[in-house]
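Summary of structural features
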Amino acid sequence: MRPVLLFLVAACLLLAGAGDAQKPKLPGSYQKWLDEEVVYIITPLERDVFLKLQSDRERDLFIEAFWKHRDPTPDAPLNEAKNEHYRRINYVNRYYGRSAGKPGWRTDRGRIYIILGEPNDVQKFESKSTVYPAEIWFYQNKEALGLPIGFNLVFYQEGGLGDYKLYSPAKDGPQALMTSYSGDPMNYVKAYQTLRELEPALADVSLSLIPGESASAMGRPTLASDMLIQKVENAPRAQVEERYAQKFLEYKDAVEVEYTANYLLSDSQVKIVKDPAGLTFVHYAVEPQRLSVNAHEDKYYTTLKINGTASTLAGQRIYQFEKTVTVNLDESQMKAANVQPFDLLDLFPLIPGTYKLSILVKNEVSKEFTSLEQTVIIPGDTPALQMTSPLLGYKTAPADRTKKTLKPFQFGPRQVYSQPSRIFARKDTLTVAFQVFGFTPQQRPSGRIRFAFQKNGQPAGEKEKPIGEYAELPFIFEEFPLADFAPAHYGLKVSLMSEGKELLAATEEFDVTFQAAVPRPWFYSKLMPDLLDPLYGRIIGEQLYNAGRPEEAKVHLEKAFQADPASTDTALALGQAYVALKDYDKAVSVLSSFLNPAQAPKYEIFVLAGQARRMRGDFSGAIDVFDRAVSHFGVNAVLLNAIGECHFQLGKLKEALAAWEKSLQLDPNQPEIKKKTAALKEKK
């Protein structure tokens, strides 16, 4: 048995060591920041994110972001919240650690002082023979932290020794404050009466910490005081919108270093609109917390960079785009912008499927960024009944049909003005806009649309209307004046009905505010060209190619290229489809005219054209294209490897070896090229 026991002990020690090895080890200064300096104000999510960071540079940037998201005046040069926090730490370490035998920040008084700051009033009870040393701290004007208008906190020396302890009326009771009390410890009223004879002011807060609450009449403390203490402990965490921390972790490798600490909170919404011509568009809106600009004389400006991706749930990227938005304002426009939100609106087509949509918006002036992430479902072309998610707008207007452009949140004949926050005033009229497809001739006569409202989970109104009364199908618009909607949070369920049965339903939520009016945003809309533009054929073709459907991609790309044969991007996409289908002759034909361009050449065109020639066996022609690419764009490992492969296929081993050796000089971490080089050297 002894060897077995020794083996088990060793195994346990190894497992324990493995567990210790998995624990994040922070350098001393960062561990101190986490466990001492911000221990009372950091949220669990922030702590979790901080522990996942891999470098000191990332930790420094996170700490910078941590304090930025607590700064009440982010445009000011000094961070008042950070300065005040460290002032509090220095104060408590100086005054509250002396009698406790530990640093002041670890004491109860130190913790509360760090959380709430200096009390409005302190009443001390010292050198009393009948009560233990105690202090009553009175606070007021802390409503912003979710606390009462005024409240007390009590600290006392338990048993007259050691550090001051935070007093709980329910857990400690008045008897704990007196040096000698021989009554029933469960008789709070008797203890309260005894304490009142000794120290009336201390007795007044012994059953309730909240002024005006008459706990003494009930015979024991209420739970309100303990709930107050819990709220105080959690107050600095409850006030933080911690979403920024998760975004920091998600985007720290995707955005430049100067942006990392500057995540902006934002509201956003995404809606799917199917054009009658057959394309389905993703419409999205992003409303950042603020829009920072630079000023020059009486002009204000900034540049926004938009990076968007649509990927399958398995992570396969189907579509990626980059756009630039330049914002220029004069002084009068800037004054209006200072009191109105800013909404960035955009749209793009997307092939059927389920995707993770990610939109990253970077402000190049302020180095701030915000993001939108959402799962979207693009329905396929099917005769089945379909309904899009309802868009809630505060205004509609007839779309300008004279302009041959597509505008975000244009629903057929109407432009719907919406806001991601979905907040409305009672003077507003709520517009519900969506699309319905696939009603059969049999369903149409009995088809109806039902709108059912709920307020706080309870029915709050309903309207039902025959589908035949909507003249703009497949677009449906319905308006609801909100004058009779009391301020509250509402849910809306839109149902497609036939013969009394619900066939499909979709939901949305909104709020009616107490405010007389809601500040409506000013917009920047990215417009798309008319549906006949070959741009859409290219985009859909690229998406189909990325989805692994080159045959379908080819059909769209050929039409787009026929309509616009001067488009480099379309030629590149069509060439990729041809290569994927092993139709190398067509790829060479499409790309050849772009190898001697009047404008700046495109690197990807040269690489693909060379690959197409190589794959059809024209190694000399491929070398010629790759050499021209080197003359235009300079030497790199990709081009050298391709040139080396072509020389190898032609039997020119010396030239192949020279190209690969030069490639390894540029990038030594190429195992396959090292093998090929070694094999050629052995043949010498």
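Above this note sits the structure.
This section reports on the structure supplied with the text. (Residues numbered from 1 in each chain as written. Predicted model: local features only at pLDDT ≥ 70, side-chain atom pairs only at ≥ 80, totals over all residues. Heavy atoms only, no water.)

1. Considerations on the environment of I210
Following the sequence through the fold, I210 ends up in the loop between helix 8 (200-204) and helix 9 (224-238). Expressed as a C-alpha distance, the spacing of I210 and K52, which sit 158 residues apart in the sequence, is 41 Å. Apart from residues lying up to four places away in sequence, I210 is in contact with A224, S225 and L228. (Helix = DSSP H or I, 4+ residues; strand = E, 2+ residues; numbered from the N terminus. Contact = heavy atoms within 4.5 Å.)

2. Observations concerning the pattern of salt bridges
One pass over the full model with this rule turns up 45 salt bridges. In this structure, D253 engages K252 in a salt bridge whose closest nitrogen and oxygen atoms are separated by 3.3 Å. Residue K252 is classed as buried on the basis of its relative accessible area, which comes to 16%. Between R628 and D624 there is a salt bridge, and its shortest N-O distance comes to 3.2 Å. Of this pair, R628 and D624 both sit in helix 18 (residues 619-633), separated by four residues, roughly a single helical turn. By relative accessible area, which is 40% here, D624 ends up partly exposed. Taken together, the shared-partner salt bridges in this structure form one network comprising R448, R450, E462 and E464. (Salt bridge = Lys/Arg side-chain N within 4 Å of Asp/Glu carboxyl O. Buried < 20%, exposed > 50% of the residue type's maximum accessible area, 1.4 Å probe, protein only.)

3. Here we look at the environment of V282
Tracing the sequence through the fold places V282 in strand 6 (residues 280-288). Classification of V282 by relative accessible area gives buried; the value is 1%. Leave out the neighbours within four places in its chain, and V282 touches V270, K271, I272, D346, L347, F348, L350, L357 and I378.

4. Re the sheet that holds strand 21 (residues 458-466)
Taken in spatial order, the five strands line up as 18-24-23-20-21 in an open sheet, and their pairing is mixed. Looking along the sheet, the strands with just one partner apiece sit at the ends: strand 18 (423-424) and strand 21. Relative to strand 21, strand 20 (residues 447-455) runs antiparallel, the two sharing seven bridges. Within the sheet, the bridge partner assigned to F451 lies in strand 21 and is K463. (Pairing = 2+ DSSP bridges.)

5. Some details on the sheet that holds strand 1 (residues 121-125)
A sheet is described by the order of its strands in space; here four strands give the open sequence 1-2-3-4, paired in antiparallel fashion. Of all strands in the sheet, those with a lone pairing partner are strand 1 and strand 4 (164-166), marking the two edges. Taking the axes of each pair of neighbouring strands and ignoring which way they run, one obtains an average angle of 25° across the sheet. Pairing geometry for strand 3 (residues 150-157) and strand 4, over three bridges, is antiparallel. Paired with Q157 across the strands is Y164, a residue of strand 4. Together, strand 3 and strand 4 form the strand contacts of helix 9, whose direction differs from that of strand 3 by roughly 95°. (Axes fitted to C-alpha atoms, helices over the stretch in contact; angles between N-to-C directions.)

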